[in-house]
Amino acid sequence: MKIDIGDGVVMRDEAFRHFDEDCSELRGVVGEVVHISDNNSYTLKFECPTKVIITKMPLSYLQIPGRA
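Only a predicted model underlies this, so the values are computations on that prediction, with no experimental measurement involved. In every chain, residue numbers begin from 1 and rise along the written sequence. In view of the model being predicted, local features appear only for residues whose pLDDT reaches at least 70, and side-chain atom pairs are presented and counted only at 80 or more, with totals across whole chains, interfaces and linings using the full set of residues. Hydrogens and water molecules were not included; the side-chain quantities draw on all heavy atoms of the structure.

### What about the pattern of salt bridges?
Proximity of charged atoms lets side chains of opposite charge pair with each other.
Thinking step 1. A pair is scored as a salt bridge if a Lys or Arg side-chain nitrogen falls within 4 Å of a carboxyl oxygen belonging to Asp or Glu. Counted according to the given criterion, the structure contains 4 salt bridges.
Thinking step 2. Close ionic contact of Asp 13 with Arg 27 constitutes a salt bridge, the shortest N to O distance being 3.0 Å. Residue Asp 13 is found in the loop between strand 1 (8-11) and strand 2 (31-36), and its partner Arg 27 is found in the loop between strand 1 and strand 2; the two are separated by 14 residues along the sequence.
Thinking step 3. When a residue's accessible area, from a 1.4 Å probe over protein chains only, is under 20% of the maximum for its type it is buried; when over 50% it is exposed; and in between it is partly exposed. We classify Asp 13 as exposed; its relative accessible area is 58%.
Thinking step 4. The partly exposed category is assigned to Arg 27, whose relative accessible area is 43%.
Thinking step 5. Its salt-bridge partner being Lys 45, residue Glu 47 comes within 3.4 Å of it at the nearest N-O pair.
Thinking step 6. According to the relative accessible area criterion, Lys 45 is partly exposed, its value standing at 30%. What counts as a helix is a DSSP run of H or I of at least four residues, what counts as a strand is a run of E of at least two, and both are numbered from the N terminus.

Put into structure tokens, the structure is as follows:
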């Protein structure tokens, strides 16, 4: 799977256990890839009504919306 800057992604279920706070409202929310580092870590920006989260995640925790 190829993901580029500007692409929309959603977090897989296993990604949510790595947050210190409850981020369940981000389930299914499409985030934007804003940076890709040399070690294939993706910087993402997720926006929802009550918060904006910018986080780094490996590709294994991401998927393109609509794909299983």
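### Things to note about the environment of Gly 6
Thinking step 1. Along the chain, Gly 6 falls in the segment before strand 1.
Thinking step 2. Taking the relative accessible area as the measure of exposure, Gly 6 reaches 46% and is therefore partly exposed.
Thinking step 3. A sequence separation of 60 residues divides Gly 6 from Gly 66, and the C-alpha atoms of the two residues are 17 Å apart.
Thinking step 4. Residues count as neighbours in contact if any of their non-hydrogen atoms are within 4.5 Å of one another. Setting aside chain neighbours within four positions, we find Gly 6 in contact with Glu 32 and Val 33.

### With respect to the sheet that holds strand 5 (residues 62-63)
Thinking step 1. Strand order in the open sheet formed by 5 strands is 4-3-2-1-5, and the pairing between neighbours is antiparallel. A single partner strand is all that each edge strand has here, and the edge strands are strand 4 (51-58) and strand 5.
Thinking step 2. One requirement defines pairing of two strands: DSSP has to find at least two bridges between them. When strand 1 meets strand 5, the two strands line up antiparallel, connected through 2 bridges. Among the inter-strand pairings, Val 10 is bridged to a residue of strand 5, identified as Gln 63.

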